[in-house]
Each structure stands twice: as C-alpha cells, then as structure tokens.
Amino acid sequence: MKKNTFYLLAGCIALVLLTLFWYSVEINSPLLIEIAFVLGFILVYILRRMVTDLIEDERSRKITEKAALRTFQVFWVIFCAFSIGAVMQILRVPTFPRQHEPMRPPTEIFPPEIMPPKIMGYVQLWLLCLMIFLYVGFRFYYARKYGDWEIDEE
Amino acid sequence: MKNKIKVFRAMHDMTQEDLAQAIGVTRQTILAIEKGKYVPSLDLAFKIARHFNVNIEEVFTYEPEVQAVNMD
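Residues numbered from 1 in each chain as written. Chains lettered and ligands numbered in written order. Predicted model: local features only at pLDDT ≥ 70, side-chain atom pairs only at ≥ 80, totals over all residues.

(A) The overall build of chain B, seen in detail. Helices and strands together make up the secondary structure of chain B, namely 5 helices and 2 strands. Along chain B, from the amino end to the carboxyl end, the secondary structure elements read β-α-α-α-α-α-β. Per-residue burial for chain B yields a buried fraction of 28% across its 72 residues. Considering only residue pairs separated by 6 or more positions, chain B has 51% of its internal contacts joining residues 24 or more positions apart. (Helix = DSSP H or I, 4+ residues; strand = E, 2+ residues; numbered from the N terminus. Buried ≥ 20, exposed ≤ 12 C-beta atoms within 10 Å, placed from the backbone. Contact = placed C-beta atoms within 7 Å.)

Laid out in structure tokens, this is it:
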C-alpha cells in the first residue's frame, strides 16, 4: 500500500469515528464510541504495517521520542499538581471550631465549599486535551530542530 | 560533526532521494544530515560510508563543540 493511500484511509476512519461519536451521543450509548475508538485505532495500526513506502526512520523516531518525553515531563507536573489539590479538597473533613475560633450558633455553620468531583473530572479532561496540544507543539519544535523544513537546493 | 556526504553524492552522481532509498531513510533525513541539523546514529553512519565504499572517517569528521576556556 502506498503512503498516500494509508493517509486517505486513516482520514476515512477518523470521519467514521466522528460520525459514530455523534450517533452514540444521539442514542446515549457511550459503549458504542468506546468500542469503535479501540477498533478504529487497531485498524489504523494494521493498515500502517501494510504500507510499503518509508514512513519513518531513525530521525523521525527521535523527533517522536523527544516530543513524547517533553510532553510527559510537562504534563505530569501540571496534572499531578491539580490532582493533588483535588484530592486534598475531597479529603477535607469539616472540623469542630478550634479554640481560637469563636463558637458560632448552628445557623451560621456552612458546609465547606469544595470543588464538585464532576468539575474536577472536567478539568482533568481539559488537561488531557492540553497534553495533545503540548505534544503537537513539541513535535513541531523538534521537527524544526532536526531539519524537517530545511530548504533543499537540489 | 561534519560530513562530506554531498561531495560523495556528487562523485557518485547520486541525488538525495537515491541515497535515501539505498540506505533506507527518508530524503529529509539525508538533507538534515548534510546540513548538520541531525547527527546520524553509528549504524546509519556506517551504512552511508559503506554505500560509498569508504571508511566512516572519510565521510564523517568529529569536531567537539567549542567550549569557553578560561585562559588565566
């Protein structure tokens, strides 16, 4: 299979997955898109192995490795910092008034304001999206560094 | 790391695409090596040298990075 045929097929698979995503939203069935997503990527990996043209070599593998490593180094710090804060909020237990705090009547006691777990989940999802942008950014940076857009005089 | 790939290509009348196909890399990799943007692995360096039937030292020359040295 030629390289361009592979890219076309990968694009078609992406379109099918997008359609299935909205269809699963329509019928309220997350299992459908979850299974389709896994199957879609297995299919992409199989198609990739059938490509006879050269897609990657040691330079492109190095670019991928470096971009992935830098993304991981930045992402895990941001993700863990937020997650630690979120866990701290979940573990917070209302305590009795301490000695230096004046006793308040029961009507003035409010429950502690914590971030709802649903919002925590959404923020973690946004952080995952950020990881994709980080990876793309680092990939561009290292591709440029290792001569991807060098001008050829030939 | 300096190299004379361009010179050897010219001597063998090869394009970057020809050399890339012969040693199993992309043309962009050959271009990046020639421009000094990418230092090839030892394996790839040997492949390039063997393709031109020369020793690796004839194609690649090691030049350590110049560091600031205190002359005092």
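Still to come is the rest of the account.
(B) Summary view of the nonpolar core. By size, the foremost hydrophobic cluster in this structure holds 17 residues, and its most contacted members are A:Tyr142, A:Tyr146, B:Ile5, B:Ile30, B:Ala32 and B:Ile33. Secondary-structure elements contributing two or more residues to this core are helix H3 (58-91) and helix H4 (117-145) of chain A together with helix H3 (27-34) and helix H4 (42-51) of chain B. Per element, the largest residue contribution to this core is 4 residues, and it comes from H3(B). Residues contacting B:Ile5, with those up to four places away along its chain left out, are B:Ile30, B:Ile33, B:Glu34, B:Ile48 and B:Val59. (Core = buried A, V, L, I, M, F, W, Y, C linked by C-beta atoms within 7 Å.)

(C) Inspection of the packing of helix H1 (residues 3-26) of chain A against helix H2 (residues 30-49) of chain A at higher detail. Residue and element names in this part refer to chain A. With their axes 9 Å apart at the nearest point, H1 and H2 run at an angle of 175° to one another. Regarding the angle of H1 to H2, the classification is roughly antiparallel. Across from Phe 6, Leu 9, Ala 10, Ile 13, Leu 17, Leu 20, Phe 21 and Ser 24 in H1, the residues of H2 making contact are Pro 30, Leu 32, Ile 33, Ala 36, Phe 37, Gly 40, Leu 43, Val 44, Leu 47 and Arg 48. Tallied by class, residues from the contact of H1 with H2 come to 15 nonpolar, 2 polar and 1 charged. (Axes fitted to C-alpha atoms, helices over the stretch in contact; angles between N-to-C directions. Parallel < 35°, antiparallel > 145°, perpendicular 65-115°, else oblique. Nonpolar A, V, L, I, M, F, W, Y, C, P; charged D, E, K, R; others polar.)

(D) Quick look at the packing of H3(A) against H4(A). Residue and element names in this part refer to chain A. Where H3 contacts H4, the two axes come as close as 8 Å, and the packing angle between them is 160°. In terms of their interaxial angle, H3 and H4 are classed as roughly antiparallel. Where H3 crosses over H4, the handedness of that crossing is right-handed. (Left-handed = near helix turned anticlockwise from the far one by under 90°.)

(E) Structural view of the interface of chain A and chain B. If you look at the interface, chain A gives 10 residues, while chain B gives 14 residues. A per-class count over the side of chain A that touches chain B returns 2 nonpolar, 1 polar and 7 charged.

(F) Representation of the environment of A:Ala10 in the model. Within the secondary structure layout, A:Ala10 lies in helix H1. A C-alpha to C-alpha distance of 34 Å links A:Ala10 and A:Phe82, two positions 72 residues apart in sequence.

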